[in-house]
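This is what each chain is made of:
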Amino acid sequence: LVLSGCHSKPAIPQRPDPAVTGFVVKPQTIPATFEFVGVAKSSHPVQIRARVEGYLWGIDYEEGSYVKQGQLLFHLDPRNYEASVRESEGELAKEEAILWRAKRSLERIRPLFEKNAVSQKDLDDATANVLASEANIIAAKARLFQDELNLSYTKITSPIDGVSGRAVYKEGSLIMPSANGLLTQVSVIDPIWVLFSISDNEILQRQGEKEKNELVVPKRQEYTVRLQLSDGNMYPEEGHVNFSSPTLDPDTGSLVVRAEFKNPKKKILPGQFVKAFVSGAVRPNAIFVPQKSVFQGLNGMSVFVVGKNGKASLRDVEVGDWYED
């Protein structure tokens, strides 16, 4: 014990100064990009409905396929409407025969009236018969046109080019226009729309930033939008905002914004969720520092500030949005 006590204690090694990196803060104008969750919608969805009553005789397209404008999708039993057309054709032919007879009668009476062989009343009656027959023909043609139109409605075609949906009913179902007339839906997906919502709290925050000249928005709402898909990849096409709701939705308290994208490869489908990055606004004279230099404390965010004497001191800061790193 005595011997061991005679030895001197080893010196405690000095801790080296930590390596730090300085960042010179300069006001700069930087882009302001806002992130939202969006959902894709067809830019032109059309509900295909029956306009006349009848039994569904056939489904003439492949469900889920791409259909062209004018392509036959469904056809109903046409026999009742074909019979109505034949009946109207017969009525028209009958009225045309009556008109022919009335004109021949007028042709015989007019020279007799000039010779005072018949009265003025006889001439007036013959003229009225011709006019009445002409009116009946107009009505008969209108009924025939309506029957032909109803017959054409038994063949249901696509009014646009787009992707078809599933057939709601199968062959043999009785289709009634008012109750169950919806047969399918055809949707245009090129271009495609992406809708996202902005909360009223965020709207007020952006308005406050604009009033303080901390945010400058583009004129005429000319925002550009980029999309991130669910697999993390960025969608190659850039979109543009083409609609912003003038009022807030009272149910959600948010404002709906719509952006349009080209979709030639059908990579985005209606109902698909995406991340929307909206750019176009800028932050003038922004003070920004690397994320690594910002610390979360009990009182909020803080950074180390190097003074003129070369010493660093911790200072509380009020932070805004992140910009890249």
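Relevant structure appears above.
Residues numbered from 1 in each chain as written. Predicted model: local features only at pLDDT ≥ 70, side-chain atom pairs only at ≥ 80, totals over all residues. Heavy atoms only, no water.

**Looking at the overall build of the protein**
Note the cut-off: Only DSSP runs of H or I reaching four residues or more are called helices, and only runs of E reaching two or more are called strands; each is numbered from the N terminus. Here the globule rule reads 2.2 Å times residues to the power 0.38, and the radius of gyration is calculated from C-alpha atoms. Accessible area is worked out with a 1.4 Å probe on protein chains only. A residue is then buried under 20% of its type maximum, exposed over 50%, and partly exposed in between. Contacts are residue-level and defined by heavy atoms, with any inter-residue pair within 4.5 Å sufficient. All accessible-area figures derive from a Shrake-Rupley calculation using a 1.4 Å probe, and residue coverage is judged against the displayed protein chains alone. In summary, the charge assignment counts Lys and Arg as positive and Asp and Glu as negative, without counting His or the chain termini. Here the site of a charge means NZ on Lys, CZ on Arg, CG on Asp, or CD on Glu.
Summing up its helical and strand segments, the protein has five helices and 15 strands in all. Relative to the 2.2 N^0.38 estimate, which gives 20 Å for 325 residues, the radius of gyration of the protein is 40 Å and therefore markedly larger than a compact globule would have. If you line up the protein on its principal axes, its C-alpha atoms span 165 × 45 × 35 Å. Within the protein, the proportion of its 325 residues that are buried is 30%. In the protein, 73% of the contacts between residues at least 6 apart in sequence involve partners at least 24 apart. In the form shown here, the protein has an accessible surface area of approximately 22,300 Å², with 54% of it arising from carbon and sulfur atoms. Here the protein holds 39 positive side-chain charges and 41 negative ones, and the gap between their average locations is 6 Å.

**Some thoughts on the sheet that holds strand β13 (residues 295-297)**
Quick reminder of the rule: Should DSSP find at least two bridges between two strands, the strands are regarded as paired. Every axis corresponds to a line fitted to the C-alpha atoms, with the helix fit spanning only the stretch in contact, and the corresponding angles, defined between N-to-C directions, vary from 0 to 180 degrees.
Spatial ordering of the open sheet is given by β13-β14-β15, a layout of three strands whose pairing is antiparallel. Since the sheet does not close on itself, it has two edges, and those belong to β13 and β15 (312-316), each with one partner. Ignoring which end each strand starts from, the neighbouring axes of this sheet average 40° apart. Both strand β14 (residues 300-306) and β15 contribute to a ladder of five bridges, which runs antiparallel. Counted as the bridge partner of Phe304 is Leu314 from β15.

**Let's talk about the side chain of Arg258**
Test applied: By definition here, a salt bridge exists when the distance from a side-chain nitrogen of Lys or Arg to a carboxyl oxygen of Asp or Glu is within 4 Å.
Along the chain, the position of Arg258 falls in strand β11 (residues 254-261). Buried and unpaired, Arg258 has no salt bridge, with Glu260 as the nearest side chain of opposite charge at 6.3 Å.

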